[in-house]
Amino acid sequence: EEKQSVADPDTRYPDGTVKLRNPHIELMDQDILYHIALGSESHDLVEMFGDVKFVCMGGTPNRMKNFAHFIMEEIGYKLPTGTDLMDISQYSYRYSMYKVGPVIAVSHGMGVPSIGILLHEMIKLMYHAKAQDPVFIRIGTCGGLGLEPGTVVISDQAVDGLGNYSYSVPILGEVVKRPAKLDKKIVRELKALSSVDDPYETVVGTTMCAEDFYEGQGRIDGAFCDYTEVDKQNYLEKLVKQGVKNIEMEATPFAALTHHAGIKAAIVCVTLLNRLKGDQVAAPKEVINEYQERPQKLVARYIKKYLQTK
Ligand code: R2B
Ligand code: URA
């Protein structure tokens, strides 16, 4: 029933540009990237995006706009006087996208299908743009397991809610499984950029990707709950024993689709709460906002280091 798909690690062209594993695209007159409001004929994608080195994704339009402004400051990128950043995808009314020099900041919405659609279109965008060796980074929020709220988690692998280290998706009536692999070198480089001076911890571990925020993450505060609090605790402790450090909702498609495309990728999330102690996200807005800056800071250090060694 299940079809295992084999990922070819050699998926990029020698010059680092993205090779599409779809023979149909180059035969089409135009490719409309519907959900990001761009197209291969309507826009000069090489001119607009050929210089992209980092594609940073996060859940909300607002967070990604803040990240775009933050990274602009960090890398010393200047916009012409009197101009402001614009949401390149505003007329899609789906995702928001900003570009600051070699960095794209784009929102992905919540959950597997939403990030899946965006990944298809961002991978095709990098292909059409002939961008060289783009790195995809997800900057997110999550629930932590036995970690102080506000801890930064760098994912070294992604597991789904059934314990598969892969992304399963029904295609033509069959489940296709693609390995959810992340770049181990970037994990080490990111970890090395965390500082003893950061007033919070930065850890490396397995990230569980759930299909739901409530029952799918073993919460007892959803509209429904047909298990006991003891069942929940046993489940979360089983995850801890397996090395799971955090739970979110996009890790497996993010890891699997980037890997399938031969694109290096990393996931850096901040924990909003310790799931071993509760389910409700109760921290005040200001606290949550400060937590959300933490993955951004780490990723900014990574991007700056890369740009300095260029
Ligand atoms: C983290 O936060 C969202 C749910 O609140 C979801 O997108 C995720 O992965
Ligand atoms: N996002 C999630 O998916 N789960 C949490 O517990 C917090 C944020």
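Please refer to the structure higher up on the page.
In short, a report on the structure. Treat the numbers as computed from the prediction; the structure is a model and nothing was measured.

### A few points about the site of ligand 2
- Close to ligand 2 lie Thr141, Cys142, Gly143, Phe213, Gln217, Arg219, Ile247, Glu248, Met249 and Leu273, which account for all nearby residues.
- Taking glutamine 217, its side chain carries an N or O atom lying 2.9 Å from a nitrogen atom of ligand 2.
- Taken by itself ligand 2 offers 240 Å² of open surface, and the protein chains cover 93% of this.
- Here the shell around ligand 2 takes 3 residues from strand β7 (residues 135–144), the largest share from any one element.
- Per-class residue counts for the shell around ligand 2 are 5 nonpolar, 3 polar and 2 charged.

### Observations regarding the nonpolar core
- If you look at the biggest cluster of nonpolar residues, it comprises 42 residues, and the most contacted ones within it are Phe49, Met57, Ile104, Met122, Leu125, Met126 and Phe136.
- Of all elements in the fold, only α1 (45–49), β4 (54–58), β6 (103–107), α3 (112–129), β7, β9 (166–171), α6 (251–260) and β13 (264–274) reach the threshold of two or more residues within this core.
- Element by element, the count of residues in this core is highest for α3, at 9 residues.
- Setting aside its immediate chain neighbours within four residues, phenylalanine 136 contacts Val55, Met57, Leu119, Met122, Ile123, Met126, Phe254, Thr258, Ile263, Lys264, Ala265 and Ala266.
- Membership of the second largest hydrophobic core comes to 29 residues, among which are Phe67, Ala68, Ile186 and Ile303.

### Examining the pairing of β13
- Extensive coverage of β13 is indicated by the burial of 10 of its 11 residues.
- Judged from the 9 bridges that link them, β7 and β13 form a sheet pairing that is parallel. Across the sheet, glycine 144 pairs through a bridge with asparagine 274, a residue of β13.

### Here's the deal with the packing of aromatic side chains
- Tallying each qualifying case throughout the model produces 4 aromatic pairs.
- Plain terms: the ring middles of phenylalanine 54 and tyrosine 302 are 6.1 Å apart, the flat faces sit at 80 degrees to each other, and that makes the pair edge-to-face. Residue phenylalanine 54 is found in strand β4, and its partner tyrosine 302 is found in helix α7 (residues 285–308); the two are separated by 248 residues along the sequence. Just as phenylalanine 54 is buried, tyrosine 302 falls in that class too.
- Both rings, one in tyrosine 91 and one in tyrosine 93, keep their centres 6.1 Å apart while their planes meet at 75 degrees; by these two values the pair is edge-to-face. The same class applies to tyrosine 91 as to tyrosine 93, namely exposed.
- Pairwise contacts between aromatic rings join Phe54, Tyr302 and Tyr306 into one cluster.
- The cationic tip of lysine 19 hangs over the ring face of tyrosine 13; the distance from NZ or CZ to the ring centre is 5.2 Å.

### Details of the site of ligand 1
- The full set of residues close to ligand 1 is Met110, Arg138, Thr141, Phe213, Glu248, Met249 and Glu250.
- Within the contact set of ligand 1, an oxygen atom lies 3.4 Å away from a side-chain nitrogen or oxygen of arginine 138.
- Glutamate 250 places a side-chain nitrogen or oxygen 2.5 Å from an oxygen atom of ligand 1.

Quick notes on the rules
- Residues numbered from 1 in each chain as written.
- Chains lettered and ligands numbered in written order.
- Predicted model: local features only at pLDDT ≥ 70, side-chain atom pairs only at ≥ 80, totals over all residues.
- Heavy atoms only, no water.
- Near = heavy atom within 4 Å.
- Polar contact = N/O pair within 3.5 Å; in protein donor to acceptor, adjacent residues only side chain to side chain.
- Areas by Shrake-Rupley, 256 points an atom, 1.4 Å probe, with all protein chains shown as cover.
- Helix = DSSP H or I, 4+ residues; strand = E, 2+ residues; numbered from the N terminus.
- Nonpolar A, V, L, I, M, F, W, Y, C, P; charged D, E, K, R; others polar.
- Core = buried A, V, L, I, M, F, W, Y, C linked by side-chain atoms within 4.5 Å.
- Buried < 20%, exposed > 50% of the residue type's maximum accessible area, 1.4 Å probe, protein only.
- Contact = heavy atoms within 4.5 Å.
- Pairing = 2+ DSSP bridges.
- Phe/Tyr/Trp six-rings, centres within 6.5 Å; stacked < 30°, edge-to-face > 60°.
- Lys NZ or Arg CZ within 6 Å of the ring centre and 35° of its normal.

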